[in-house]
Amino acid sequence: MATLVSPYLGVFPTNTATDRHNAIVDLTFLSPNSDVSRLIDNSTFTNTLGCSIASIVPQDTPCIETCGNITDIFSSWTNFYTCSWYPALSEALNENPNISTAPLLGDLGIYGHDEDFSSNISSVIATCLADYCQSSSQCQALDSKSACSLTNLVYTSGSSRTLNQSSAAACLRYGVCGATDDVNPDIGGLGVILSILIQYTISLFGILIHAAYYASYKITQNRNRRDLGGVTLAAALARAEKKLKRHLEALTSGLVEFQKSQCFFAATLQVAALIVLTPYLQQVQEKNQILLRLTAANSFAPIMLTLTHIEILAGRNSNYLLILASICFILGTAVYWNAAPQLTGHSINAYEEYKNPAVPIMSCGNRAPFAPCFVRNDFFRFGLWPQFLGVSYASAEKTGLAVWIMSFLIWIYRVVYVTAASNAFSPLFQKFYRGWVITSKIPESKHLQLSLRWRRNSTVQKLGRWCIEISSRINPRGKHFWNYLQLILGTAALLLQFTSIIEVLAFSSNMINTQMSFGQIIALGIWIPVILEYAYLEINGAEEGTEYRLKSPLVVTDPSTGLKNPAQQPCTSLPGQNTRVLKTMQQPATI
């Protein structure tokens, strides 16, 4: 096996190509066909053996000492591997004490004529593996060949017991190591997953219902123009337009409520994820890590898509909604990249140091036997073992990156070209500039000189004209092209994210914790008010459905005099005519 460099150096041995080749060769020694009588003369095999105790730099110890302690046996792969071979090697030395490798095995602390000790090692390892797998439903599901059963782990001959080394290795590799990653119910709970899927569905539903309303309006409009004429046509077109406006007003108000709800939900979820993320950076928690990345994505596509959709419907931007969306996107980005497998260094951390978690299993010393899956295990280090057992995430990882990039582009557009360039923020920029001039040591006259030199520079002038030209083209007030481009981009990102999370859940095993706790129910029920709000607005209309928010009676203040006049002026009206002042209606939003 490759030697370990001190964890404080933070590096692996330099010749990784050779180490990987050696690990591939060593993999054959785990085969059920491996026979100790043939392997004991193989120097390549004997070089894989060794025992040590954990410290800053692992210290070699005689295997007769290490293998007598359950904690040391399951503290690293080399200890487990060597101790699992100890009974068979000791028996081989009994039969042929003059074998050529006997001195080397003696130096390692492996001796013959020690049947009681060998039998004790076999019992300790077999009992621990069998008891742990019996306690873990995930281990039982992964142990399809029953390698972790006591009958397959040991050969019994009278009072002597000999460990079946290949079964022990298979039990550890497929059963125990596959169960190292129990899903945290607060991260992978059924309620959280369903809540995220409902969030995606509502965001897509807004696009679909908008398209359906507009398509119905155009079909009615074309049919009326074909079949009617004169005053009748004008009345029919007015009714169709009024109906469309009523639907779109309700949809706009419903989406605003949905956007606020999903922003509050996503921001809370990301803050909680950042808090619980720290422990997972020190351990191997692939499933929780993947679920955290999938959870982070709920701050990307659905929020950016709904933000763009609201602007198209309402015809204006909301700085409040943009600030909420920006907070969510930044928090989600922090979780997404902090949980990236290539950045957390799980394989390096676990290869150098891993502490077995506590479990109530006395035969294992009340510790889960996980460390051999990682510590000084080159099979794990080079991915020769299925270290992401039961997890389908390869394509979803690429999809997640694409979704983040598309959402980032939409966010940048909205921040730079919508917010920073708006007149509402220019006083803030002016105040910041004046404060910088006052607090800096450069006199204001110098600032003016620098500003004049900057403006006279030909390159700066060309760049300024180019920016103005680009800004005029990318102006949502002048053209709808860029808004619809964001809508298409956001919809594509959301569909990609939707399919990727379904793919991970459908093709992975034990990714969802079905325990429905109090928090899971709350996460699932957060969307009920949004759905009820939209249904109420559709039934009663946006005006009547939102007038409870306005103070009654409404008054209009004349800014020149400060006098307040009733919004509803007395006027002569026809019998049955509604004289209530209506809100200014915009033209129907198209999609």
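(A) Helix α1 (residues 16-27), seen in detail. Between its first and last C-alpha atoms α1 spans 16 Å; for twelve residues at 1.5 Å apiece the expected length is 16 Å, and the two agree. Within the sequence span of α1, burial applies to D19, A23 and D26. Considered in projection along α1, the buried side chains sweep an arc of 60 degrees and stay on one side of the axis. Residues of α1 that are buried sit in contact with α3 (43-46) and α20 (378-381).

(B) A look at the nonpolar core. Counting residues in hydrophobic clusters, the biggest one holds 71 residues, and the most contacted among them are Y200, L251, F300 and I501. When contributions to this core are tallied by element, the ones reaching two or more residues are α13 (190-227), α14 (230-280), α15 (286-296), α16 (301-314), α17 (319-338), α21 (394-420), α25 (481-507) and α27 (528-540). Of the residues forming this core, the biggest block, 14 residues, is contributed by α14. The residues contacting F300, other than those within four sequence positions of it, are F329, G332, T333, Y336, V403, W404 and S407. One finds A23, F29, C67 and C128 within the second-largest nonpolar core, a separate group that totals 67 residues.

(C) Quick look at empty space enclosed by the protein. Using the criterion set out here, one finds three cavities of 30 Å³ or more in the structure. Its boundaries defined by the atoms lining it, the second largest cavity holds a volume of some 80 Å³. For the second largest cavity, the lining is made up of ten residues, of which L307, E311, N317, S318 and R414 are closest to its centre. Elements represented by at least two residues in the lining of the second largest cavity include exactly α16, α17 and α21. When residues in the lining of the second largest cavity are grouped by element, the largest group, three residues, is from α16. Across the lining of the second largest cavity, the residue classes break down as five nonpolar, two polar and three charged.

(D) The arrangement of unusual backbone geometry in detail. One non-glycine residue with positive phi stands out, namely S146, at about 55 degrees. By the element assignment, S146 lies in the loop between α9 (137-142) and α10 (150-153). Located in the positive-phi region is R376, a residue other than glycine, with phi close to 50 degrees. One can find R376 in the loop between α19 (346-352) and α20.

(E) Region of the structure containing the state of the cysteines. Counted under the stated rule, the structure contains six disulfides. The side chain of C67 participates in a disulfide bridge whose partner is C83; the two sulfur atoms lie 2.0 Å from each other. When the S-S torsion is -90 degrees, as for the bridge of C67 with C83, the disulfide is left-handed. Taken together, the residues C67 in the loop between α4 (63-66) and α5 (70-73) and C83 in helix α6 (residues 77-95) connect sequence positions 16 residues apart. For C67, a relative accessible area of 2% corresponds to the buried category. Classification of C83 as buried rests on a relative accessible area of 0%.

Conventions and cut-offs
- Throughout, residues of each chain are indexed from 1 in the direction in which the sequence is written.
- For this predicted model, a pLDDT threshold of at least 70 governs which residues receive local features, and a threshold of 80 or more governs which side-chain atom pairs are given and counted, while totals over whole chains, interfaces and linings are taken from all residues.
- The basis for every side-chain value is the complete set of non-hydrogen atoms in the structure, without hydrogens or water.
- Here a strand is any run of E in DSSP of at least two residues, a helix any run of H or I of at least four, and the numbering for each starts at the N terminus.
- Expected span of a helix, by definition, is 1.5 Å for each gap between consecutive residues, and there is one gap fewer than residues.
- The cut-offs for exposure are 20% and 50% of the maximum accessible area for each residue type, with area from a 1.4 Å probe on protein chains only; residues under the lower value are buried, those over the upper are exposed, and the others partly exposed.
- Throughout, the arc means that of the directions going from the helix axis to the C-beta atoms.
- Contact between two residues is taken to exist if any of their heavy atoms lie within 4.5 Å; hydrogens are not considered.
- In these notes, a set of buried Ala, Val, Leu, Ile, Met, Phe, Trp, Tyr and Cys residues joined through side-chain atoms within 4.5 Å is what counts as a nonpolar core.
- The definitions used throughout rest on a 1 Å grid laid over the protein atoms alone, on which a cavity is an enclosed set of points accommodating a 1.4 Å probe that cannot get out and a pocket is an open set flanked by protein within 12 Å on both sides along at least five of seven lines; lining residues are those having an atom within 4 Å of a point.
- Grid points are joined across faces, edges and corners, and a volume is the space filled by probe spheres set on the points.
- Classes in brief: Ala, Val, Leu, Ile, Met, Phe, Trp, Tyr, Cys and Pro nonpolar; Asp, Glu, Lys and Arg charged; the others, Gly included, polar.
- Any two cysteine sulfur atoms within 2.5 Å of one another count as a disulfide.

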